[in-house]
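Structure assessment
Chain by chain, the residues:
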Amino acid sequence: MISDDLDELLGDAPNGGRPEHHPDDDDDDDGHGHGHGDDGHSDDGGPSDGGRRSRRNQAGQRRPAAVPKLVAILVVVAGLLAGGIYGAGKVIGRIAKGESAADFAGPGDGSVIIQIQAGSTARDIARVLASADVVRTPAAFVNAAAADERSRSIQPGFYKVKQRVRAVDALAALLDARSHALFRLTIAEGMTTRQVLTALADRTGQPLAALEAIVKNPGELQLPSYASGVEGYLYPFTYDLQPGASLTVTVKMFVDRFRTETASIDIEAGAAALGRTPQDIITVASIIEREVKNPEEGPKVARVIYNRLADTSGAFRRLDLDSTTRYALNEYEGPLTQNQLNANNPYNTRKVSGLPPGAISNPGRWALESALHPAAGPWLYFVSLPKSNVTIFATTDKEWQEALARYRSEGGS
């Protein structure tokens with residue numbers, strides 16, 4: 001982002017590069033239900049439908065329009081100076097007197113990939129473009145940037161642009177999200193590893209099977225010592241994909257971000273304080289991601305889960321969560337059938353007591369903190385309302401029946 005202040009620095013992309021929490025324009029639909037813990041479906045015949053629509057992309061569902069693949073593309077990577085992308089008007093004053101501002105006249109031809117790093121000045125960007133034969137002279141681009149206030153919004157990363165174009169057209173390309181999108185991947189909160197790998201294969205043009213092989217043998221990914229698998233450790237974030245990087249290096253980048261982002265919340269100590277393992281915390285957080293859309297409800301959902309796990313009365317021997325069954329079946333649309341609810345698999349928490357064997361999604365920080373810091377309360381049930389988009393929590397069976405009645409009044413079934 002170009003700044004008026006020569007001392008202002010550019011960090012990562014907007015919002016620190018993180019995806020907005022549960023964006024409304026994510027087109028997937030997890031359809032997870034609401035019940036004793038999730039879908040309102042109880043052993044005595046409560047509702048078992050899919051409930052609310054998700055914000056996350058699902059494999060096989062709508063995805064953004066296809067973009068060119070990262071295959072055999074020429075890469076021009078320039079090391080740039082540290083500091084902010086400075087106000088173009090002030091940079092112009094640094095151009096040597098008499099320096100040519102000659103510009104290309106034509107529409108351009110050919111294409112090239114350039115990299116703009118965080119800390120680039122307008123002059124630095126101009127040099128990268130000139131060295132890649134995108135603009136004829138650095139001064140031509142600096143002049144174009146100075147005349148267009150939008151130049152301040154240029155973000156670091158990789159861009160695919162035409163060569164031998166007018167400086168104003170080069171600037172327009174850097175401002176066009178489509179030039180940048182090819183080299184960016186957003187892992188939304190609550191996406192499963194299957195969904196992440198599918199999106200990455202689609203973006204890079206690499207075989208999905210090759211990515212699946214990496215997560216099946218994740219030694220090179222350097223997962224935390226307590227991890228039971230890759231699920232839960234591909235941190236939700238917007239990533240710049242480096243052309244030419246191996247698939248292993250790319251996937252490891254997601255795991256590295258998990259380590260970076262969770263370093264300050266001390267999962268191991270927090271888990272010990274709750275009498276749980278760190279992997280338990282990741283699993284609970286992944287369930288919270290699939291169960292509610294409102295971050296403020298996360299700690300209460302965590303408490304419901306922990307209250308059920310700690311119940312000694314025999315009334316709540318299981319979590320009864322449809323979201324865990326949906327994960328095992330890779331089924332996120334519509335109501336689950338009775339046969340699906342009765343499926344024999346370790347993720348069917350209607351049949352198997354305790355937590356599932358691992359995470360069911362990749363949780364964001366709010367869900368992780370919810371799992372580490374559950375609210376205090378006696379709740380044993382919750383149900384998310386399909387129209388009000390709020391979650392009702394209940395302790396007694398009477399409260400639960402009232403919550404179910406409200407759920408049905410809003411179209412739940």
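Rules used in this analysis
- Residues numbered from 1 in each chain as written.
- Predicted model: local features only at pLDDT ≥ 70, side-chain atom pairs only at ≥ 80, totals over all residues.
- Heavy atoms only, no water.
- Buried < 20%, exposed > 50% of the residue type's maximum accessible area, 1.4 Å probe, protein only.
- Helix = DSSP H or I, 4+ residues; strand = E, 2+ residues; numbered from the N terminus.
- Arc of directions from axis to C-beta.
- Contact = heavy atoms within 4.5 Å.
- Polar contact = N/O pair within 3.5 Å; in protein donor to acceptor, adjacent residues only side chain to side chain.
- Phe/Tyr/Trp six-rings, centres within 6.5 Å; stacked < 30°, edge-to-face > 60°.
- pLDDT = per-residue confidence, 0-100.
- Salt bridge = Lys/Arg side-chain N within 4 Å of Asp/Glu carboxyl O.
- Core = buried A, V, L, I, M, F, W, Y, C linked by side-chain atoms within 4.5 Å.
- Axes fitted to C-alpha atoms, helices over the stretch in contact; angles between N-to-C directions.
- Parallel < 35°, antiparallel > 145°, perpendicular 65-115°, else oblique.
- Left-handed = near helix turned anticlockwise from the far one by under 90°.
- Nonpolar A, V, L, I, M, F, W, Y, C, P; charged D, E, K, R; others polar.

**So, helix 7 (residues 208-216)**
- Considered for burial, the residues of helix 7 that qualify are Leu211, Ile214 and Val215. Buried residues of helix 7, viewed axially, fall in a sector of 90 degrees; they line one side. Across from the buried face of helix 7, at angles greater than 90 degrees, the exposed residues are Ala209 and Lys216.
- Check the buried side of helix 7 and you find it contacts helix 6 (193-204) and helix 8 (247-262).

**Focus on unusual backbone geometry**
- Positioned with a positive phi, arginine 164 is a non-glycine residue whose angle comes to about 55 degrees.
- Its location among the elements puts arginine 164 in the loop between strand 5 (157-163) and helix 4 (167-175).
- Unusually for a residue other than glycine, aspartate 266 sits at a positive phi of about 50 degrees.
- Within the fold, aspartate 266 resides in the loop between helix 8 and helix 9 (267-273).

**Remarks on the side chain of threonine 391**
- Following the sequence through the fold, threonine 391 ends up in strand 9 (residues 391-394).
- On the basis of relative accessibility, which here comes to 12%, the residue threonine 391 falls in the buried class.
- Within polar-contact distance, the side chain of threonine 391 engages the side chain of glutamate 297 at 2.8 Å.
- Looking at threonine 391, its side chain comes within polar contact range of the side chain of serine 384, at 3.0 Å.

**So, the packing of aromatic side chains**
- Tallied over the full model, the rule gives nine aromatic pairs.
- Consider the rings of tyrosine 327 and tyrosine 347, whose centres lie 5.1 Å apart with planes at 55 degrees: the pair is tilted. With tyrosine 327 in helix 12 (residues 322-329) and tyrosine 347 in the loop between helix 13 (338-341) and helix 14 (365-372), the pair connects residues that are 20 residues apart, well separated along the chain. Each member of the pair, tyrosine 327 as well as tyrosine 347, is classed as buried.

**Some words on the confidence of the model for the chain**
- Here the chain averages 80 in pLDDT, while 76% of its residues score no lower than 70.
- The secondary structure element of the chain with the lowest average pLDDT is helix 1 (residues 88-92), at 35, and the one with the highest is helix 14, at 98.

**Quick look at the pattern of salt bridges**
- The tally for this structure, following the rule as stated, stands at 15 salt bridges.
- Across the pair glutamate 261 and arginine 257 runs a salt bridge whose closest N-O atoms are separated by 3.0 Å. Of this pair, glutamate 261 and arginine 257 both sit in helix 8, four residues apart, which is roughly one turn of the helix.
- On the accessibility criterion, glutamate 261 (8% relative accessible area) is buried.
- Owing to a relative accessible area of 22%, arginine 257 belongs among the partly exposed residues under this scheme.
- Taking the shortest distance from any N to any O, the salt bridge between aspartate 320 and arginine 318 comes out at 3.6 Å.
- Through salt bridges with shared partners, a single network forms among Asp109, Asp133 and Arg164.

**Concerning the nonpolar core**
- Grouped together as the largest cluster of nonpolar side chains are 59 residues, with contacts concentrated most on Leu234, Phe254, Phe258, Ile267, Ile282 and Ile288.
- When residues of this core are assigned to their parent elements, the largest contribution, six residues, is made by helix 10 (residues 278-291).
- Beyond its immediate chain neighbours, meaning those up to four positions away, isoleucine 288 contacts Gly298, Val301, Ala302, Trp366, Ala367, Ser370 and Ala371.
- Ala140, Tyr159, Leu171 and Leu174 belong to the second largest nonpolar core, which has 24 residues in total.

**As for the environment of threonine 250**
- Mapped onto the elements, threonine 250 comes out in helix 8.
- Threonine 250 sits eleven residues away from tyrosine 239 along the chain, and the two C-alpha atoms are 9.4 Å apart.
- Excluding residues within four positions of it along the chain, threonine 250 makes contact with Leu200, Leu241 and Ala245.

**Some points on the packing of helix 6 against helix 7**
- At a minimum axis separation of 9 Å, helix 6 and helix 7 run at an interaxial angle of 140 degrees. Between helix 6 and helix 7, the angle is such that the two are oblique. Here helix 6 and helix 7 pass one another in a crossing that is right-handed. Every residue of helix 7 that contacts helix 6 at Thr193, Leu197, Thr198, Leu200 and Ala201 is listed here: Leu208, Leu211, Glu212 and Val215.
- Of the residues in the contact of helix 6 with helix 7, the class split is six nonpolar, two polar and one charged.

**Let's talk about helix 14**
- Helix 14 sits mainly inside the fold: six of its eight residues count as buried.
- Three or more residues of helix 14 are buried, namely Trp366, Ala367, Leu368, Ser370, Ala371 and Leu372.
- Lining the buried residues of helix 14 we find helix 8, helix 9, helix 10 and helix 11 (298-310).

**Observations regarding the environment of glutamate 220**
- Following the sequence through the fold, glutamate 220 ends up in the loop between helix 7 and strand 7 (237-240).
- In this structure glutamate 220 comes out as exposed when scored by relative accessible area, which is 60%.
- For the pair glutamate 220 and valine 251, spaced 31 residues apart in sequence, the C-alpha to C-alpha distance is 9.8 Å.
- In contact with glutamate 220, not counting residues within four places along its chain, are Thr248 and Lys252.

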